[in-house]
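Residues per chain, in single letters:
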Number of protein chains: 2
Amino acid sequence: MNSNTTRSVRLLALNLLLAAGLALSLVPAAVTESADPLPSWKEGAAKRAVTGFVARVTREGGEDFVPPAERIATFDQEGTLGSGQPVDFQLAFALDRVRALAPRHPEWRTRQPFKAALDNDLETLAAMGEEGFAQLILATHAGMTTDELGKTVSDWLATAREPRSRRPYTELVYQPMLELLAFLRANGFKIYVVSEGTVEFMRVFAERAYGIPPEQVVGAAFVTRFQRAADGKARLVCQPEIEFVGDGPGKPETLHKLLGRRPILAFGGPDGDRQMLEWTAAGGGPRFLGLVHPTGAGRPDEALDEAAARGWVVVDMKRSWNVIYPPGR
Amino acid sequence: MNSNTTRSVRLLALNLLLAAGLALSLVPAAVTESADPLPSWKEGAAKRAVTGFVARVTREGGEDFVPPAERIATFDQEGTLGSGQPVDFQLAFALDRVRALAPRHPEWRTRQPFKAALDNDLETLAAMGEEGFAQLILATHAGMTTDELGKTVSDWLATAREPRSRRPYTELVYQPMLELLAFLRANGFKIYVVSEGTVEFMRVFAERAYGIPPEQVVGAAFVTRFQRAADGKARLVCQPEIEFVGDGPGKPETLHKLLGRRPILAFGGPDGDRQMLEWTAAGGGPRFLGLVHPTGAGRPDEALDEAAARGWVVVDMKRSWNVIYPPGR
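1. A word on the overall build of chain A
Then, in step 1: Within chain A, the regular secondary structure consists of 11 helices and seven strands.
Then, in step 2: Burial statistics for chain A: of 329 residues in total, 55% are counted as buried.
Then, in step 3: Nonlocal contacts in chain A, meaning residues at least 24 apart in sequence, comprise 67% of its contacts between residues at least 6 apart.
Then, in step 4: Only carbon and sulfur atoms are counted for the fraction: they give 51% of the accessible area of chain A, which is about 13600 Å².

Encoded structure:
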């Protein structure tokens, strides 16, 4: 296990399973025929700030007008578009893969972290931390071609259900943020999602959950290697090595490498997105910086004080939104 | 100089200055009012193949229809969209930067490769090969912020002229390929350019020469580091280290990392694009693979035989095209 791999899963936490995250509050969104593009957002400062920003940058001839090609928005995934997912979802996927592959690996019955995974012993897994999770991911993903891995993720997402809510994982994203993504897209924005999960998982997830195409998803990536199969066909095989995308440090560098320019709107979550927001803010012209804040999560108020001092818009999940999750289908 | 850096400039050759490349043949393109989207392409197999492919994948209800989101095309830069540029152009830029920065570096008067650059001693530079070129690039680029580097490239491209033709470098790209890019774009394709030059140079170049946005340009990238300036503003600073994009090996892996899926059309040049074309060809559904071939360049015919055997379309610059460069302005 090299240090890159270890770093890459630094924040792939076990919070779906163990942490005191938000409970799933499955309040159905009001279905209205309103022309309001953000019906799940309460009238208030956060909603006014984001709709006002979009109005300003799309007003042709206005002093804050931004041409469509430069309307780039980046969203953190974990804690911003959904509560800690899909990294947690990727853990659920990895656990299911361990179970599926176990018959071919009798040694897993006695070897950690596989034994804990097979016994559904989440406490032991949590105690092993990132290293244990990294081993699960690598053992179940590496060696597959990129096509095989994509299909396996796709098949899993189509059938797997989150245990408590019994809902597909792709439905467990914040309804108000789904509305915001649609609103931005309708206003010519190109949206990028940044995740600490592996892109191989996230790309399938983001296309289904958000309609965001694979090339607009940024995440930890397996190192791949070009091979010719027995039939001569070219393919890329996932190696047991992951290239890191940092949570916090690393996000601006990665986004610059990909985009070659700054976004004009960036949305972060409760952890680790400060650098991405600072870097976005440092560009010339109009900028929108948003921070999703879990109400009453016992987090220090300094983060909020700093956000206010910088002019970042704090979206308090309880005070700014009417609902959290989309209505069940 | 680490090995990544050395590899990154493996193909940053000195061919503008020394190799027996194509002479600039500045035949003005015929200006016609034709509805033909590719007026600089001679009627023949290559033109029929590419227009036929575009017709098939855009015909709604047809069996080869490809939804717009999946119409991704990748073009090699060097030798495909232009004759070995803009890597050569990047050398010209680096030489101009060495001259501009020389007053601050008296030691360069006696130290190679800087002495050779200042003396315009191209033979000595060529003899130093990639290592010498890498040193010029790193000494003139590293330490700048990404914003400063972008502005310096932009200013240079606005005023610099290619010595023989006295034309702006951004005009020295193949006219028939400009038409092909426009034709594909009009048919809903999203076009990516892959270069062995650094993206910091190529992104400015590609936006001016082709109208391709920065996020659709792939190339060698400076490693950057997040910093806060004295005024507290966030910025990214280029480090003296370049991340390699291979010529040949490395292109499919890099494109997969960026796109998460295969293009449906790929165009390569005389060197090093075989893997990118093979990997593109291995996807399901309709595919177009094209190879730009410099007429009479004394290259082995095996490459052409193989292309024919694989069904790749060979674009012979003399036999397939009416003109090479766009008319002067």
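2. Some points on the interface of chain A and chain B
Then, in step 1: At the interface, 37 residues of chain A touch 38 residues of chain B.
Then, in step 2: Summed over both partners, the interface of chain A with chain B comes to about 3100 Å²; 46% of that surface belongs to carbon and sulfur atoms.
Then, in step 3: The three residues of chain A that bury the most area against chain B are Glu215(A), Phe226(A) and Lys257(A), which together make up 19% of that side's buried surface.
Then, in step 4: The tally of links from chain A across to chain B stands at 10 salt bridges.

3. Let's talk about the pattern of salt bridges
Then, in step 1: All chains considered together, the criterion is met by 42 salt bridges over all chains.
Then, in step 2: Of the charged contacts in the structure, one is a salt bridge between Arg262(A) and Asp147(B), with a shortest N-O distance of 2.9 Å. On the criterion of chain membership, the pair formed by Arg262(A) in the loop between α9 (251-259) and β5 (265-268) and Asp147(B) in helix α6 (residues 146-159) is interchain, its members lying in two chains.
Then, in step 3: The exposure class assigned to Asp147(B) is partly exposed, which follows from its relative accessible area of 44%.
Then, in step 4: Taking the shortest distance from any N to any O, the salt bridge between Arg99(B) and Asp96(B) comes out at 2.6 Å. Taken together, the positions of Arg99(B) and Asp96(B), both in helix α3 (residues 87-101) and three residues apart, correspond to about one turn of that helix.
Then, in step 5: Owing to a relative accessible area of 35%, Arg99(B) belongs among the partly exposed residues under this scheme.
Then, in step 6: Connected through salt bridges with shared partners, the residues Arg228(A), Arg274(B), Glu278(B), Glu306(B) and Arg310(B) form a single ionic network.

4. Some words on the confidence of the model for chain A
Residues and elements named next belong to chain A.
Then, in step 1: The predicted model of chain A has a mean per-residue pLDDT of 85, with 84% of residues at 70 or higher.
Then, in step 2: Confidence over residues 1-33 falls short of pLDDT 50; this stretch has 70 contacts with residues more than four positions distant or in other chains.
Then, in step 3: Both confidence scores are given for the complex: pTM 0.87, ipTM 0.84.

5. Side note on the side chain of Glu179(B)
All names here are of chain B.
Then, in step 1: Relative to the assigned elements, Glu179 resides in helix α7 (residues 175-186).
Then, in step 2: Buried and without a salt bridge, Glu179 has Lys47 as its closest oppositely charged side chain, separated by 7.0 Å.
Then, in step 3: Within the structure, Glu179 has its side chain in polar contact with the side chain of Gln175 (distance 2.9 Å).
Then, in step 4: Those residues in contact with Glu179 that sit more than four places away from it in its chain are Pro37, Leu38, Pro39, Ser40 and Trp41.

6. A few points about the relation of the copies chain A and chain B
Then, in step 1: Here chain A sits on chain B after a turn of 180° about the axis and a move of 0.0 Å along it, with an RMSD of 0.0 Å. Viewed as a symmetry operation, the transformation between the two copies matches a two-fold axis. Among all residues of chain A, the minimum C-alpha distance to the rotation axis is found for Leu258(A), at 3.8 Å.
Then, in step 2: In this assembly the copies share their binding face: 100% of the residues contributing to the interface of chain A also contribute to that of chain B.

7. Describing the pairing of strand β1 (residues 72-76) of chain B
As a general feature of sheets, a regular strand has side chains that alternate between the two faces.
Residues and elements named next belong to chain B.
Then, in step 1: With five of five residues buried, β1 is to be regarded as a mostly interior element.
Then, in step 2: Neither face of β1 is left uncovered, since the one carrying Ile72, Thr74 and Asp76 and the one carrying Ala73 and Phe75 both have all their residues buried.
Then, in step 3: Relative to strand β2 (residues 190-198), β1 runs parallel, the two being bridged by five bridges. Across the sheet, the residue bridging to Thr74 is Tyr192, located in β2.
Then, in step 4: Where β1 lies against strand β5 (residues 265-268), three bridges are found, and the strand directions are parallel. Note on β5: the bridge partner recorded for Ala73 is Leu265.

8. Considerations on the sheet that holds β5(B)
Then, in step 1: As summarised here, the arrangement of the seven strands in space is β4-β3-β2-β1-β5-β6-β7 (chain B), forming an open sheet in which the pairing is mixed. Each edge of the open sheet carries a strand with a single partner, namely β4 (234-243) and β7 (313-316) of chain B. Across the sheet, the mean angle from the axis of one strand to that of its neighbour is 35°, orientation sign disregarded.
Then, in step 2: In this sheet, β4(B) lies alongside strand β3 (residues 217-228) of chain B in antiparallel orientation, the contact comprising seven bridges. Within β4(B), the residue paired with Phe222(B) across the bridge is Ile242(B).
Then, in step 3: The sheet strands contacting helix α10 (residues 274-281) of chain A are β3 and β4 of chain B, and the helix crosses β3(B) at an angle near 100°.

9. A closer look at the sheet that holds strand β3 (residues 217-228) of chain A
All names here are of chain A.
Then, in step 1: Reading across from one edge, β4-β3-β2-β1-β5-β6-β7 is the order of the seven strands in this open sheet, with mixed pairing throughout. Each edge of the open sheet is held by one strand with a lone partner, namely β4 (234-243) and β7 (313-316). Averaged over all pairs of adjacent strands, the angle between their axes in this sheet comes to 35°, without regard to strand direction.
Then, in step 2: As defined by bridge partners, strand β2 (residues 190-198) adjoins β3 across three bridges and the pair is classed as parallel. Across the sheet, Thr198 pairs through a bridge with Ala220, a residue of β3.
Then, in step 3: On the sheet, helix α8 (residues 199-210) packs against β2 and β3 and is oriented at approximately 125° with respect to β3.
Then, in step 4: Sheet strands in contact with α10 are β1 (72-76), β2, β5 and β6 (288-293), and its direction is about 165° off that of β5.

10. Quick notes on the packing of α9(A) against α10(A)
Residue and element names in this part refer to chain A.
Then, in step 1: One way to put it is that α9 packs onto α10 with a least axis distance of 8 Å and a crossing angle of 50°. For the element pair α9 / α10, the angle class is oblique. Across from Lys251, Pro252, Leu255 and His256 in α9, the residues of α10 making contact are Gln275, Met276 and Trp279.
Then, in step 2: Residue composition of the contact of α9 with α10, by class: four nonpolar, two polar and one charged.

11. Here we look at the packing of aromatic side chains
Each aromatic ring pair is specified by the distance between its two centres and by the angle formed by the two planes.
Then, in step 1: Tallied over the full model, the rule gives 28 aromatic pairs over all chains.
Then, in step 2: When the centroid spacing of 5.6 Å and the interplanar angle of 50° are considered together, the rings of Phe93(B) and Phe201(B) count as tilted. With Phe93(B) in helix α3 and Phe201(B) in helix α8 (residues 199-210), the pair connects residues that are 108 residues apart, well separated along the chain.
Then, in step 3: Looking at Phe201(B), the relative accessible area reads 1%, which means it is buried.
Then, in step 4: Taken together through their ring pairs, the aromatic side chains of Phe89(A), Phe93(A), Trp156(A), Tyr169(A), Phe201(A), Phe205(A) and Tyr210(A) make up a single cluster.

12. Points about helix α5 (residues 122-141) of chain A
Residue and element names in this part refer to chain A.
Then, in step 1: Its 20 residues place the ends of α5 only 20 Å apart at the C-alpha level, less than the 28 Å of an ideal helix rising 1.5 Å per residue.
Then, in step 2: In α5, a bend of some 110° at Gly129 exceeds every other bend along the element.
Then, in step 3: A positive backbone phi angle near 95° is found at Gly143, which sits one or two residues after α5.

Analysis parameters
Residues numbered from 1 in each chain as written. Chains lettered and ligands numbered in written order. Predicted model: local features only at pLDDT ≥ 70, side-chain atom pairs only at ≥ 80, totals over all residues. Heavy atoms only, no water. Helix = DSSP H or I, 4+ residues; strand = E, 2+ residues; numbered from the N terminus. Buried < 20%, exposed > 50% of the residue type's maximum accessible area, 1.4 Å probe, protein only. Contact = heavy atoms within 4.5 Å. Areas by Shrake-Rupley, 256 points an atom, 1.4 Å probe, with all protein chains shown as cover. Buried area = accessible area lost by both parts, 1.4 Å probe. Salt bridge = Lys/Arg side-chain N within 4 Å of Asp/Glu carboxyl O. pLDDT = per-residue confidence, 0-100. Lys, Arg positive; Asp, Glu negative; His and termini not counted. Polar contact = N/O pair within 3.5 Å; in protein donor to acceptor, adjacent residues only side chain to side chain. Least-squares fit on C-alpha atoms with pLDDT ≥ 70 in both. Pairing = 2+ DSSP bridges. Axes fitted to C-alpha atoms, helices over the stretch in contact; angles between N-to-C directions. Parallel < 35°, antiparallel > 145°, perpendicular 65-115°, else oblique. Nonpolar A, V, L, I, M, F, W, Y, C, P; charged D, E, K, R; others polar. Phe/Tyr/Trp six-rings, centres within 6.5 Å; stacked < 30°, edge-to-face > 60°. Expected span 1.5 Å × (residues − 1). Bend = angle between axes of the 7 residues up to and from the residue.

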